[in-house]
Number of protein chains: 2
Amino acid sequence: MNLKQLSQLLGLSQTTVSRALNGYPEVNAETRQRVLDAVRETGYRPNRAAQRLATGRAGSIGLVMPTADGIESDVHFGEFLAGLGDEAAKHDFHFVINPSHPDEEVATCRRLVASGNVDALFLAYMREKDPRIAMMKTLKTPFVVHGRSIGVPTDYPFLDIDNTGAFYDAARLLAQLGHRHFALLNGPDYLAFSIRRKKGTVRALAEQGLVLREDCVQHSQMTDEHGFRAMERFLQLDTPPTAVLCSSTVLALGAVRAINQAGLKLGVDISLIAHDDVLPMLKPENFMVPLTTTRSSLRAAGQRIARRLIAGILQIETLPQQELWKTDLIVRASTGPAPAGK
Amino acid sequence: MNLKQLSQLLGLSQTTVSRALNGYPEVNAETRQRVLDAVRETGYRPNRAAQRLATGRAGSIGLVMPTADGIESDVHFGEFLAGLGDEAAKHDFHFVINPSHPDEEVATCRRLVASGNVDALFLAYMREKDPRIAMMKTLKTPFVVHGRSIGVPTDYPFLDIDNTGAFYDAARLLAQLGHRHFALLNGPDYLAFSIRRKKGTVRALAEQGLVLREDCVQHSQMTDEHGFRAMERFLQLDTPPTAVLCSSTVLALGAVRAINQAGLKLGVDISLIAHDDVLPMLKPENFMVPLTTTRSSLRAAGQRIARRLIAGILQIETLPQQELWKTDLIVRASTGPAPAGK
């Protein structure tokens, strides 16, 4: 059974059958159902070549998912994927996800493009001088970067949040509240967003003549446990911090527990600001002491990137190629004036 | 540029070039690099038909990801995906993920199979009398179900944990500790795992002449906020529960906060057991009062299912078609005897 035979069986054109199989909106629901029923009954499996003949595209977006023994799954990845999914579902697009050891991401990206299975590529977990950008520029496949690299020309399509500005704003507020001793619970040190958040923090402190001590900076994956252990360590220093910045509410969860365990009162003895990706499973406003946050929705970013990629593939609208989203600094109860004498 | 021309350019057979592009281990690293470099330089994009010619397969596993406005991203989905990825990466398999409204999962599964983009399908989020199982049985594409449906013959390939047994064990322990008033914080009521966990709880209580009151059962998505709100509500009942079962550590996070806020001491005034999927971002042993749990690693389940699917496709080993994993009941500080007089 090939496409021609299936079409003859149904009394439809090959184009209509292909479009039905690819979920095109031009095909009405009844016809699509007939085609799908016939596919099931006949066991017909269209090949990609036939699909492409009708559509000229694969109908998919490619992603590389970093994975390896010892690499913890990233709750932020799932949230972003949900956003991509929201938009992709509207246009009957799917994803091709290639798991890859982080050290082999360039080769995996290249292979994903070479496979012909994707119309566009989505790149994330940007590093300094990230080699994937130069590689993608040599190919014809459209791509959007989530985040931005550092140390390479910023002439590629991206969507990023203003990480430097977010942590500058947060650190400045804490300095204005009289804090002089800061700590930073950050993401992995090789990722560009971590580097920018540290830079924003250092810059705001420098303006007040303050420094961020290296023994008050922790880089790690963003889990509850890392937040707890780092905060425990900071509190044992001779001059412990009174102001803490966290790159994720998940890190903050552990940090707050260490603060409670030490008998300190959040927002009184010690202030904390976390970056909030608007993860539905953990809301900063619901913490026992609601958290002051810099906020930007990861799901909204996923939706926007999917929309930009799909709009480009289908040529249905022209959207900006570079977007830098500002974050909101939302003050809640976890921040207050520096305790007297500290 | 087609496969033939590319092969001639490289002085390799078409089969070798195709295998290099599909990541076959038979092709040595140097040859693969030459092929990939040539692909990049020439802009060659192989079509699926050519790949299949060489390999006879798509090299991919299909998944449907439920998504819609108002549906929260599921942290458990990301963790499972990480497990699938671990195993897939070893065999150069990728995933094709089709986002779908939950009401359209049958049609989406069918379309994913019909697309010819996947060699096997992975099914999850099983419901009672789940229609996807009967549909998959009419097709030739191999599949493995994560979980099991209810009310249909169990004659399909699955990997499930013993949800009934896990919650039976947990409820029995609490009853043995003298608890008489129970609450259950469960997942969505239409999912089979939730139904089984409730059944296990009810069965253990019945053996002690106890009942699970309907106003002490909450079904919801498994977020911190839902755990908090439900626990708040339970504690306002005329006879509040002294024993609480939670279907996720994420639910437990909110429940514990409500317990603390009410001034109750966990493990003394009220006991709690949570199911632990071994999510790296939130470990039950790190809670202020470490949680007693029923434990089974979601990532390990993902690895196993990927291995079973890939072993079947590549015919490299014969693995069992049905697996029911027992959970461990691990006692920590969140459980204790029922408070006197309650």
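Computed from a predicted structure; not experimentally measured.

### Considering the relation of the copies chain A and chain B
The two copies are related by a screw operation: chain A maps onto chain B through 180° of rotation and 0.1 Å of translation along the axis, at an RMSD of 0.1 Å. Both copies are brought into coincidence by an operation consistent with a two-fold rotation axis. Both copies share a contact surface, since 100% of the interface residues of chain A are interface residues in chain B too.

### With respect to the environment of B:G254
Residue and element names in this part refer to chain B. Looking at where G254 falls in the secondary structure, it is placed in helix α11 (residues 249–261). Residues G254 and H226 lie 28 residues apart in sequence; the distance between their C-alpha atoms is 7.1 Å. Not counting residues up to four positions away in its chain, the partners in contact with G254 are D224, G227 and F228.

### Section: the sheet that holds strand β6 (residues 182–186) of chain A
Residue and element names in this part refer to chain A. Taken in spatial order, the six strands of this open sheet run β7-β6-β8-β9-β10-β12, and their pairing is mixed. The open sheet has two edge strands with one neighbour each: β7 (217–219) and β12 (328–330). In this sheet, adjacent strand axes meet at a mean angle of 15° when their direction is disregarded. Summarising the sheet, β6 and β7 pair through three bridges and their orientation is parallel. Note that in β7 the partner of L184 across the bridge is V217. Sitting on the sheet, helix α8 (residues 163–176) touches β6, β8 (243–246), β9 (271–276), β10 (292–295) and β12, and the angle it makes with β8 is about 165°.

### Things to note about the confidence of the model for chain A
Residue-level pLDDT values for chain A average 90, and 94% of them are 70 or greater. Interface scoring of the predicted complex returns ipTM 0.73; its pTM is 0.80.

### Let's talk about the nonpolar core
A general trend in soluble globular proteins is that nonpolar side chains are found buried together. Membership of the largest hydrophobic core comes to 58 residues, with the highest contact counts inside it found for A:L272 and B:L272. Among all residues touching B:L272, those that are not within four sequence positions of it are B:V244, B:C246, B:A252, B:A255, B:V256, B:I259, B:L266, B:L291, B:T292, B:S334 and B:T335. Counting 46 residues, the second largest nonpolar core, distinct from the first, contains A:F93, A:A124, B:L81 and B:A120.

### Concerning the pattern of salt bridges
All names here are of chain A. A complete count under the given rule lists 36 salt bridges over all chains for this structure. In this structure, K90 engages E87 in a salt bridge whose closest nitrogen and oxygen atoms are separated by 3.5 Å. Separated by three residues within a single helix, K90 and E87 lie in helix α5 (residues 75–90), roughly one turn from each other. Look at K90 and you get exposed, because its relative accessible area is 60%.

### Details of the sheet that holds strand β3 (residues 120–123) of chain A
Taken together, the 12 strands give an open sheet; going across it, the order is β11(A)-β5(A)-β4(A)-β3(A)-β1(A)-β2(A)-β2(B)-β1(B)-β3(B)-β4(B)-β5(B)-β11(B), and neighbouring strands pair in mixed fashion. Each end of this open sheet is capped by a strand with a single partner; those strands are β11 (322–325) of chain A together with β11 (322–325) of chain B. This sheet shows a mean twist of 20° between the axes of neighbouring strands, independent of strand direction. Alignment of strand β1 (residues 60–66) of chain A against β3(A), held across three bridges, turns out to be parallel. Within β3(A), the position partnered with A:L63 by the bridge is A:F122.

### A closer look at the state of the cysteines
Evaluated as defined, the whole model comprises zero disulfides over all chains. Counting only cysteine sulfurs, A:C216 is the nearest neighbor of A:C246, a cysteine outside any disulfide, at a range of 13 Å.

Rules used in this analysis
Residues numbered from 1 in each chain as written. Chains lettered and ligands numbered in written order. Predicted model: local features only at pLDDT ≥ 70, side-chain atom pairs only at ≥ 80, totals over all residues. Heavy atoms only, no water. Least-squares fit on C-alpha atoms with pLDDT ≥ 70 in both. Contact = heavy atoms within 4.5 Å. Helix = DSSP H or I, 4+ residues; strand = E, 2+ residues; numbered from the N terminus. Pairing = 2+ DSSP bridges. Axes fitted to C-alpha atoms, helices over the stretch in contact; angles between N-to-C directions. pLDDT = per-residue confidence, 0-100. Core = buried A, V, L, I, M, F, W, Y, C linked by side-chain atoms within 4.5 Å. Buried < 20%, exposed > 50% of the residue type's maximum accessible area, 1.4 Å probe, protein only. Salt bridge = Lys/Arg side-chain N within 4 Å of Asp/Glu carboxyl O. Disulfide = S-S within 2.5 Å.

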